[in-house]
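Structural characterization, general
The residues making up each chain are set out below.
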Amino acid sequence: MATAIAALPLGTTFGVAAYGTRDLRIESVRLSAAPECRLVQFSDLHYKGDVDYVERVINSINGLQPDFVCFTGDLIEETHHLDEALEHLAGIEAPLFGVPGNHEYWCEAPFEQYDRRFGASGGAWLVNRTATVPEKGLTIVGVAERDHEALGSARTERNILLTHYPAFVDELDGSPFDLILAGHSHGGQIRLPGVEKAFVPFGVGNYDSGSFETAGGPLYVNRGVGTAVIPLRVACPPEITLIEF
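Okay, so let's go over this structure. Quick caveat: nothing in here was measured; it's all calculated off a predicted structure. (Residues numbered from 1 in each chain as written. Predicted model: local features only at pLDDT ≥ 70, side-chain atom pairs only at ≥ 80, totals over all residues. Heavy atoms only, no water.)

1. Section: the sheet that holds strand 8 (residues 158–163)
Going by this rule: By definition, two strands form a pair when at least two bridges between them are found by DSSP. Where helices and strands are cited, they refer to DSSP runs of H or I of at least four residues and of E of at least two residues respectively, numbered from the N terminus. An axis is simply a line fitted to the C-alpha atoms; with a helix, the fit covers only the stretch in contact. Between two such axes, the angle follows the N-to-C directions and lies from 0 to 180 degrees.
A sheet is described by the order of its strands in space; here 6 strands give the open sequence 6-7-8-9-11-10, paired in mixed fashion. Looking along the sheet, the strands with just one partner apiece sit at the ends: strand 6 (129–133) and strand 10 (210–214). Strand-to-strand twist of the sheet, defined as the mean angle between neighbouring strand axes without regard to direction, takes the value 20°. With 5 bridges joining them, strand 6 and strand 7 (residues 138–143) adopt antiparallel strand pairing. What sits directly across from Arg129, in strand 7, is Gly142.

Below, the structure written as structure tokens:
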């Protein structure tokens, strides 16, 4: 990634950083001709105190009027941002379900605070456990740190898997899920001709961004709304995803 940045003119680099990291896009995915459920996925906020941007993210989510919202990890990188980040999440006007990402573990974030905030929304913080959305006939399974424990939990007629790591789908066996949601990749953040997948982190495999058909079920990998390592995006805008199925 550092090599790619060095190859860009200095003025161009800062111009792209200022625009590309906040060029929020809404991506739409329709998995059924007659959808019964409308959910929004967002991921990898990496909140560092940018109040104006996170408020735009929250307002964009609410504007889509989802039945519920799924978050696929990496809310923060440092625990001193946690209280403020969770306070912003309180503005989401729908049940919020989520799983931790690697940065939650790396900064030793106190999961009991996530439990309270996600639970207060009518959703749940799913660390290797399940929750139901009875009115939609759904079970949501949350797997943390690529742990297989929760996969044996009881399922309903339709089932969603939340995992931070896209490559976890390669470890699935048994009954496929109706939908799998993941993040972590940031879509690569920097996508240059000829090296489009060069900047994805561990745990991504062949699933860097968008929709994939897998043996475990249909997978969608969100590019995330924040950035990691450097505040720069090139040809890889941040996204919120509306999924109807």
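2. Focus: the pairing of strand 7
The test is simple: Exposure classes here rest on a 1.4 Å probe applied to the protein chains alone. A residue is buried below 20% of its type maximum, exposed above 50%, and partly exposed in between.
Burial analysis of strand 7 places 6 of its 6 residues in the buried class, which makes it a mostly covered element. The turn linking strand 6 back onto strand 7 is made up of 4 residues, and Gly137 within it adopts a positive phi angle of 65°. Across 6 bridges, strand 7 lies against strand 8 in parallel orientation. The residue of strand 8 that forms the bridge with Gly142 is Leu162.

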